[in-house]
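# Close look at the chain arrangement
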Amino acid sequence: MIVFITGATAGFGQATARRFAKDGAKIIGTGRRKERLDELKNELGELFLPLQFDVRDRKATEDAIKSLPQVFAEVDVLVNNAGGALGLDPAQSADLEDWETMIDANIKGIVYCTRFLLPAMVERNRGHIVNLGSIAAEFPYPGGNVYGATKAFVHQFSYGLRADVLGTNVRVTDVQPGLCKTEFSEVRFKGDKQRAEAVYEGTQPLTADDIADAIHWCVTRPAHVNINAIQLMPTCQA
Ligand code: NDP
Ligand code: 8X3
């Protein structure tokens, strides 16, 4: 199995790379931080191919995918994970740059990777696209405005893909996690570690391994089973 994971330098993507590597799968891990990709390469060895690009950059994404060596080219599973939230301000005062960054990474990023990898999956009549949505797609909260909307896009796009690939053996899943401790809040609060820590105070959040486990479970169902969407929250959240 060949698994292409965007955002493998931290959080869910990194944990998912480790989970599939345990099965002996070949992993293509992407991200902007080269040193993190190199560390994962050192850990996972020949099974792991690092690919450095920004998912917001359409040409860089296309070039990176076109550059895949033959032994990594026939991607079975695409995990569209790269992305995140920026800011928690109300819509009337939120930073437009933050909004654009979220739209570019969380929406355009998954659209680009999907568009460049899906045709070969359809041609081979085999493949699985796993998109990282969020509970924020369904449950709005103050300051979640554009972030939640990008994840609502992920949900609808996933279901739209299902409609388009119907009649082939290509599967599509929207994974929707709730509160999970990764670098997510540190990124959202632009490096303010104290504010990021406060998000998880008094909770037992999900871990990146919990999400990797869910992704792995969706992908390893029998070929005739498509998990359309899977939603996970820590027990302490509702
Ligand atoms: P992290 O911040 O820990 O990891 C985010 C990953 O995405 C990093 O590897 C980062 O790599 C990559 N990334 C971000 N922007 C870009 C970009 N423009 N180009 C390439 N790579 C990028 O977050 P999580 O692991 O928690 O989040 C992963 C996904 O799950 C996101 O889509 C997030 O919205 C979603 N999610 C997270 C939840 C949570 O509570 N943690 C809950 C629900 C959904 P690099 O910086 O090296 O480029
Ligand atoms: C991340 C979960 O609730 O912080 O998508 O938006 S939440």
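This report concerns the structure included in the present document. (Residues numbered from 1 in each chain as written. Chains lettered and ligands numbered in written order. Predicted model: local features only at pLDDT ≥ 70, side-chain atom pairs only at ≥ 80, totals over all residues. Heavy atoms only, no water.)

## Focus on the site of ligand 1
Neighbouring ligand 1 are 29 residues, the closest being T9, R32, D54, Y147 and T182. G83 places a polar main-chain atom, nitrogen or oxygen, 3.4 Å from an oxygen atom of ligand 1. Between ligand 1 and Y147, the relevant distance is 2.7 Å, taken from an oxygen atom to a side-chain nitrogen or oxygen of the residue. When contributions to the shell around ligand 1 are tallied by element, the ones reaching two or more residues are α1 (11-22), α6 (145-165) and α7 (184-188). (Near = heavy atom within 4 Å. Polar contact = N/O pair within 3.5 Å; in protein donor to acceptor, adjacent residues only side chain to side chain. Helix = DSSP H or I, 4+ residues; strand = E, 2+ residues; numbered from the N terminus.)

## Side note on the pairing of strand β5 (residues 127-132)
Counting buried residues in β5 gives six out of six residues, a clear majority hidden from the surface. Residues of β5 alternate between two faces, with G127, I129 and N131 on one and H128, V130 and L132 on the opposite face, all of them buried. Pairing of strand β4 (residues 77-80) with β5 involves four bridges; the strand directions are parallel. Bridging across to β5, V79 finds its partner in V130. In the classification by handedness, the crossover that spans β4, the intervening helix α5 (residues 96-124) and the parallel β5 is right-handed. When β5 meets strand β6 (residues 170-177), the two strands line up parallel, connected through six bridges. In the strand pairing of β6, I129 is matched with V172. With α6 bridging β5 and its parallel neighbour β6, the resulting β-α-β unit is right-handed. (Buried < 20%, exposed > 50% of the residue type's maximum accessible area, 1.4 Å probe, protein only. Pairing = 2+ DSSP bridges. Right-handed = clockwise from strand over helix to strand, strands pointing away.)

## Structural notes on the site of ligand 2
Neighbouring residues of ligand 2: S134, I135, A136, Y141, Y147 and F184. With respect to ligand 2, the side chain of Y141 contributes an N or O atom lying 2.6 Å from an oxygen atom. One of the side-chain nitrogen or oxygen atoms of Y147 is found 2.6 Å away from an oxygen atom of ligand 2. Against a free-state accessible area of 240 Å², the protein chains account for coverage of 83% of ligand 2. Most atoms of ligand 2, that is more than half of them, are within 2 Å of grid points of the largest pocket. (Areas by Shrake-Rupley, 256 points an atom, 1.4 Å probe, with all protein chains shown as cover. 1 Å grid on protein atoms, 1.4 Å probe; cavity = no way out; pocket = protein on both sides within 12 Å on 5 of 7 lines; lining within 4 Å. Sits in = over half its atoms within 2 Å of the grid points.)

## Side note on helix α3 (residues 58-66)
Within the sequence span of α3, burial applies to T61, A64 and I65. Taken around the axis of α3, the buried residues stretch over an arc of 95 degrees, which confines them to a single face. What points out from α3, more than 90 degrees from its buried face, is the exposed set K59 and K66. On its buried side, α3 packs onto β1 (2-5), β3 (48-52) and α5. By the N-cap criterion, in which a side-chain oxygen at the helix start approaches the backbone nitrogen of a residue two or three places on, α3 is capped by D57, the distance to K59 being 3.2 Å. (Arc of directions from axis to C-beta. Contact = heavy atoms within 4.5 Å.)

## Observations concerning the environment of L96
Among the secondary structure elements, L96 is positioned in helix α5. Along the backbone, L96 and D209 are 113 residues apart, and their C-alpha atoms lie at a distance of 33 Å.

## Side note on the nonpolar core
Grouped together as the largest cluster of nonpolar side chains are 31 residues, with contacts concentrated most on V3, I27, V79, V175, I211 and I215. Those elements that provide at least two residues to this core are β1, α1, α2 (34-44), β4, β5, α9 (208-219) and β7 (229-232). The greatest single-element share of this core, amounting to seven residues, is contributed by α9. One finds I2, V75, C113 and V172 within the second-largest nonpolar core, a separate group that totals 27 residues. (Core = buried A, V, L, I, M, F, W, Y, C linked by side-chain atoms within 4.5 Å.)

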